[in-house]
Amino acid sequence: MKTVSLTLTGLLLATSALIAPGTAVAQSQPALNPDLQIQTALPEPDDISQLGEVVVLGRNIPEPNRESSEVAAFLTQEDLERTGDSSAAGALARVTGLTIVEGRFIYVRGLGERYSSALLNGSPLPSPEPLQRVVPLDLFPASILESVTVQKSYSANFPGEFGGGVIDLRTVDAPRDPFFSVSASIGGNTETTNEDSLIYYGSRTDFTGFDDGTRDVPGAIALAFASGQQISRANFSVDELQIMGQSLVNAPLRLLQRETTPVNFAFDAAGGLSSDSSIGTLGLIAVAGYSNNWSTRRGFQEEGQFSGDVMVPVTSKAFESNQNDLQLNLLGGLSLTNGDHELKWTNLYVRSTTKEARTSAGPDLSAGGAILRDDYTEWFVRQLFSSQLAGEHFFMDGALEFDWRAAWAHTSRDAPYESRFQYGLNGDGDYIHNPSNLISFSELDEDVVSGGADVSYALPLSDAREAVFSLGVAYMDSSREAARYDLQLAAVSGLTDEQRLSRIDFLYSDYNINPTTIELRQVSGTNGAGAYDANLEVAAVYAQVDAEIIPLVRTTLGVRFEDGRQSVTPRDLFGGSTTFPATELEEQYFLPAFTATWNFAEDQQVRFGASQTIGRPQFRELAPQSYIDPESDREFTGNPFLVDTEIVNLDARYEWYFAPQQYLTAGVFYKDLDKPVESVVVLTGDQRQQSFLNAPKATVYGAEVEAKKYFEFPDAGSSFIANKRWLIQANYTWSTSEVQVDADDVVFTQGGGGAPEQAAFFIADGSRMQGQSDHVANLQMGWEDDTARSQATLIVNYVSERITARGAGAAGSREPDYIQDPGVFLDFVYRKDFEYAGRDLGFALELRNLLGTDYDEFQELGNKIRINNYELGSGATVSLTARF
């Protein structure tokens, strides 16, 4: 918006000049208004009556907050450096009203990740996660990010899938001055580093995050998968089954061992430059990083049942897991700037590999309370590649702007040789092999093709005000293919005691894989669909007006039309017809949005917003395919009868920027959700399965407050205090939610075959929404010393209890909900820049979870059932950066 910018004092004095020009002219300009900030020259004394219209825009309001008419939060590179978070997910946990789940997914104002969308430079991204369509934000290293915008009020230029907010990640651009930097870090954790932990060998190149071919699907089995015939004696000879069984890799991928866990380490490099040429200024930016981290978990996983009026554990297992996470990221960008025109080509590749060995043992309800042990070896590879071409063009002296973008993104998740082998206890107390085992190969591939264009025209309303008219179109086509192949090494006619006592690689050696002892069988599709195809196509157009029709009051009014088609089609891996219904959702929506910002006083403003948005079910929530979540060890299956959620959003916020980089904000919000998606636990015999359904209605409302203040004590007796600028920054969000269930409300579930069922059977009226925490708070305290080039920050994060899943059972006998208590986390980050041998260096120390907060998910009624409980440990990392 075009503005003549004055402080409130300046406005009052300028008004006095209009009323009494003789008096005003008699004074010198500095005496008249020492705080004057004006973007055009002041009129000469003879023309003082032509001063015209001025607009109050506080000089302390940061540019992003000044330019945006929405309720939003902005993270800059300075914010990312201060907190020292390694990924976008960690950094966003510091933003008001945001919480992080599983270290990857962001909940905005208590609404799950399904109600938020993530964009990369304005383009949508696919997800490599089977359970989510939203991309996990741990995939984005902080080193590639220039800024992150979290917009909490909706505007028509963003996608209509909006509940909690939209997160727009902006990657670093080519610099004006050339630079190159490298950094290395090393770290550890009290629960993991130098501890004796579980491992399995895998392949020789696992440390790189790339397998050497050991985990490739064996040729004979790959041919059988491709044939569309189930691997069994009905379709293959016993000799062919023997060849296939013997082709599976044995000891390297099955045998659990123990080894001392090494330290974590990482390397990063970044560089960029710009150069003038005959066609404009060419820019180049490149960022690369590699990290190798370990995490060991030791804890308990339980399941409970009613015993009278209280819950008692009926399955109680101690578990141990050791996870090696390896990540490689590459970012490359080219830009061309020529006057009013700019082109950008940005490419991002991220590969995240998880290698995990784990075991659990204890009494199991499914075995009548007998003690069972399950050993797991897993290898998950998530990859994301995104390529975006974008342009920004200005015409008519900047009054007309045309922006466009086109992007293609591909993501994949490959989980070969996902293995589980089970043991029971014999009379001597020794673990012996049970017939139960599973070897799975699963693949997920998703492509997103997207594009959009926006045209805006600034119409002057006066010398200081204007109206910006915008039109835009957007298109997205997201296609996913997912398949899971489950195999079992089955005993043909039972095993001898000697065989059941033998080591796993001896039992499943080539010698025992034969037509009379152990035989390979395929069990895909026995619990849900073996594969599914999914597609989401959205075409949208919007119109928006952003105008300051009344001085000091900026209003934005827009409407977006979206035509969405979503489908999930289960496939039978063996070419037959599937018993699972396909889902076809085709909806059109007009989504209005309105915001108003009133700059009513110097450096102070209030914002009001109202909008209507939607939330679409995620692919995995619709697909009736069984999936084990390695984070929780729970089995999930989708519900093909889910429908869209419609949301009404109301926001208001007060902002006071009382000094540069310092502020106080306070806001309230309200959301009404029609048919929100909730997660429920369903009992099938003795087995528990987590699925999804549309609750009838829900509301969420709350309040937010945030403050940031610097303190300086130049007259302090201590130089340690006097030479520093001290910081206190805090935010707090209170929210509450309520799911509304009337007696005649119905839901549609996968287990019920799509027939209407009483909603009260699954959800209690008045209960909280899944994922919503009543209290979220963050506190940062620290100092900056420009002379010593150092910075230190103490960081506190608190999130109160939240529901992770609805308890199983019927109304009147429903189990308590699953609750997670995230608790309080205390971190410390210290940074210092210095010179050595003529080189500019940077040192950093990061201390994480100093209070030793653990992970705690439970049910509680009379007794506490430890659904998933383990120690997280405290961590420390030191890093060194060299700048060239």
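Residues numbered from 1 in each chain as written. Predicted model: local features only at pLDDT ≥ 70, side-chain atom pairs only at ≥ 80, totals over all residues. Heavy atoms only, no water.

**Considering the overall build of the chain**
Test applied: Helix and strand assignments come from DSSP, with helices taken as H or I runs of at least 4 residues and strands as E runs of at least 2, each series counted from the N terminus. Here the globule rule reads 2.2 Å times residues to the power 0.38, and the radius of gyration is calculated from C-alpha atoms. Here's how the labels work: a residue is buried when its accessible area is under 20% of the maximum for its type, exposed when over 50%, partly exposed in between, all with a 1.4 Å probe on protein chains only. Residue contacts follow a heavy-atom distance rule, with two residues in contact if any of their heavy atoms lie within 4.5 Å. The method behind every accessible area is Shrake-Rupley, applied with a 1.4 Å probe, and residues are considered shielded solely by the protein chains displayed. The charge count includes Lys and Arg as positive and Asp and Glu as negative, but it does not include His or the ends of the chains. In plain terms, the charge of a residue is placed at NZ if it is Lys, CZ if Arg, CG if Asp and CD if Glu.
A tally of helices and strands in the chain yields 13 helices and 44 strands. For 884 residues, the compact-globule estimate of 2.2 N^0.38 gives 29 Å, and the C-alpha radius of gyration of the chain, at 30 Å, lies within 12% of that figure. Projected onto its principal axes, the C-alpha coordinates of the chain cover approximately 110 × 70 × 60 Å. By residue count, 53% of the 884 residues in the chain fall in the buried class. When contacts within the chain are restricted to residue pairs at least 6 apart in sequence, long-range pairs at least 24 apart make up 72% of them. Carbon together with sulfur atoms contributes 56% to the accessible area of the chain, which is approximately 36300 Å² in total. The average position of the 64 basic charges and that of the 121 acidic charges among the side chains of the chain differ by 3 Å.

**Looking at the packing of aromatic side chains**
The line we're drawing: Stacked, tilted and edge-to-face pairs are distinguished by plane angle, under 30 degrees for stacked and over 60 for edge-to-face with tilted covering the rest, among Phe, Tyr and Trp rings (Trp via its six-membered ring) whose centres lie within 6.5 Å.
Tallied over the full model, the rule gives 22 aromatic pairs. Arranged with centres 5.4 Å apart and planes meeting at 50°, the rings of W598 and F600 form a pair that is tilted. We classify W598 as partly exposed; its relative accessible area is 43%. Their ring planes at 65° and their centres at 6.1 Å tell us that Y701 and W734 sit as a pair that is edge-to-face. Placement of Y701 in strand β32 (residues 697–712) and of W734 in strand β33 (residues 725–740) is noted, with a sequence separation of 33 residues between them.

**Concerning the pattern of salt bridges**
When the charged atoms of two side chains with opposite charge come close together, those side chains can pair. Basically, it comes down to this: Any Lys or Arg side-chain nitrogen located within 4 Å of an Asp or Glu carboxyl oxygen qualifies as a salt bridge.
For the structure shown, the criterion picks out 45 salt bridges. For R503, the salt bridge identified is with D505, shortest N-O distance 2.7 Å. Assessed through its relative accessible area of 9%, D505 is described here as buried. A salt bridge links R725 to E784, with the shortest nitrogen-to-oxygen separation between them at 3.1 Å. Taken together, the residues R725 in strand β33 and E784 in strand β36 (residues 775–785) connect sequence positions 59 residues apart. Linked by salt bridges that have partners in common, E161, R560, E562 and R616 make up one network.

**Let's talk about the packing of helix α7 (residues 219–227) against helix α8 (residues 238–247)**
Under the convention used in this document: Axes, fitted as lines to C-alpha atoms, cover a helix only where it is in contact. Angles between the N-to-C directions of the axes lie from 0 to 180 degrees. For this classification, under 35 degrees means roughly parallel, over 145 means roughly antiparallel, 65 to 115 means roughly perpendicular, and everything else is oblique. Residue classes follow a fixed rule: Ala, Val, Leu, Ile, Met, Phe, Trp, Tyr, Cys and Pro count as nonpolar, while Asp, Glu, Lys and Arg count as charged, and any other residue, Gly among them, counts as polar.
The N-to-C vectors of α7 and α8 enclose an angle of 120°; their axes lie 8 Å apart at closest approach. Classified by the angle their axes make, α7 and α8 are oblique. Judged by residue contacts, A220, I221 and A224 of α7 engage I243, M244 and S247 from α8. In terms of residue class, the contact of α7 with α8 is made up of five nonpolar, one polar and no charged.

**Thoughts on the environment of S386**
Position of S386 among the secondary structure elements: in strand β17 (residues 371–395). For S386, a relative accessible area of 7% puts it in the buried group. Sequence separation between S386 and S691 is 305 residues, and the spatial gap between their C-alpha atoms is 31 Å. Residues in contact with S386, not counting those within four places in the same chain, are L120, L125, T346, N347, L348, W408 and A409.

**Some details on α8**
In plain terms, the rule: Arc definition: directions from the helix axis to the C-beta atoms.
The complete set of buried residues in α8 reads L241, M244 and G245. In a view along the axis of α8, the buried residues occupy a sector of 100°, so they form one face of it. Seen from the buried face of α8, the exposed residues on the opposite side, beyond 90 degrees, are D239 and I243. Where α8 is buried, its residues contact α7 and β21 (518–522).

**Section: a negative patch on the surface**
So the rule is basically this: Here a patch means residues that are over 30% exposed by relative accessible area and free of salt bridges, tied together within 9 Å if like-charged and within 5 Å if nonpolar (Val, Leu, Ile, Met, Phe, Trp, Tyr).
The grouping of D216, D414, E443, D445 and E481 at the surface amounts to a negative patch. Structurally, the position occupied by D414 is in strand β18 (residues 400–425).

**As for the pairing of strand β22 (residues 531–550)**
As a reminder of what qualifies: Should DSSP find at least two bridges between two strands, the strands are taken to pair.
Note that strand β20 (residues 466–491) and β22 share 17 bridges and pair antiparallel. Within β22, the position partnered with V473 by the bridge is V541. Bridge count between β22 and strand β23 (residues 553–571): 18 bridges; the pairing is antiparallel. Opposite A547, over in β23, you have T555 as the bridge partner. With antiparallel pairing between neighbouring strands as the criterion, β22 and β23 make up a hairpin whose turn holds two residues, including L552 at a positive phi of roughly 80°.

**Points about the sheet that holds strand β9 (residues 165–171)**
Read across the sheet, five strands follow the order β3-β8-β9-β6-β7 without closing on themselves; strand pairing throughout is mixed. Edge positions in the sheet fall to β3 (72–76) and β7 (123–124), since each has one partner strand and no second.

**Points about the side chain of T749**
Condition: Polar contacts, as counted here, are pairs of nitrogen or oxygen atoms within 3.5 Å of one another; within protein the pair requires one atom able to donate a hydrogen and one able to accept it, and residues that are adjacent in sequence qualify only if both atoms are side-chain atoms.
By the secondary structure assignment, T749 is in the loop between β34 (746–748) and β35 (756–758). One polar contact links the side chain of T749 to the main-chain amide nitrogen of G752, over a distance of 3.0 Å. Discounting residues that sit within four places of it in the chain, T749 has contacts with N639, F641, L693, G754, E757 and F762.

**Looking at the environment of T190**
Tracing the backbone through its elements, the reader meets T190 in the loop between β10 (179–189) and β11 (196–199). Sequence separation of T190 and M781 is 591 residues, and the distance between their C-alpha atoms is 25 Å. Leave out the neighbours within four places in its chain, and T190 touches E195, G873 and S874.

**A look at the confidence of the model for the chain**
Counted only if it meets this: The quantity known as pLDDT measures the predictor's confidence residue by residue, on a range of 0 to 100.
Per-chain confidence: the chain averages 86 in pLDDT, with 90% of residues scoring 70 or above. Of the regions scoring below 50 in pLDDT, residues 1–56 engages in 76 contacts with residues more than four places distant in sequence or in other chains.

**Quick look at the pairing of strand β43 (residues 863–870)**
Looking at chain direction, strand β14 (residues 280–307) and β43 are connected through two bridges and run antiparallel. When the sheet's bridge partners are listed, F300 is paired in β43 with N869. As defined by bridge partners, strand β42 (residues 855–861) adjoins β43 across seven bridges and the pair is classed as antiparallel. In the sheet register, Q859 faces β43, and the bridge partner there is I865.

**A closer look at α7**
For α7, the full list of buried residues reads I221, A224 and F225. Within α7, the buried residues cover an arc of 100° as seen down the axis, which keeps them to one side. Relative to its buried face, α7 has exposed residues pointing more than 90 degrees away, namely L223 and A226. Packing partners of the buried residues in α7 comprise α8, β19 (431–460), β20 and β21. Count one or two residues on from α7 and you reach G228, which has phi positive near 75°.

**Re a nonpolar patch on the surface**
A contiguous nonpolar surface patch, about 940 Å² in accessible area, is contributed by F395, M396, F402, V455, Y457, L459, L461, F469, V545, I549 and I550. At the level of elements, β19 and β22 are the ones that each hand at least two residues to the nonpolar patch. Along the chain, the position of V455 falls in strand β19.

**Brief notes about unusual backbone geometry**
Most peptide bonds are trans, and most residues other than glycine sit at a negative phi. Notably, Y417 is not glycine yet its phi reads approximately 55°, a positive angle. With respect to the secondary-structure elements, Y417 resides in strand β18. Not every positive phi belongs to a glycine, and K675 is a case in point at roughly 65°. Mapped onto the elements of the fold, K675 is located in the loop between β29 (662–674) and β30 (677–684).

**Things to note about the environment of T804**
For T804, the position within the fold is in strand β38 (residues 802–805). When its relative accessible area of 15% is taken as the criterion, T804 is described as buried. Through-space distance from the C-alpha of T804 to that of P218 is 39 Å; in sequence the pair is 586 residues apart. Once residues lying within four places of it in the same chain are set aside, the contact partners of T804 are R634, S679, Q690, Q770, Y818, I819, Q820 and E857.

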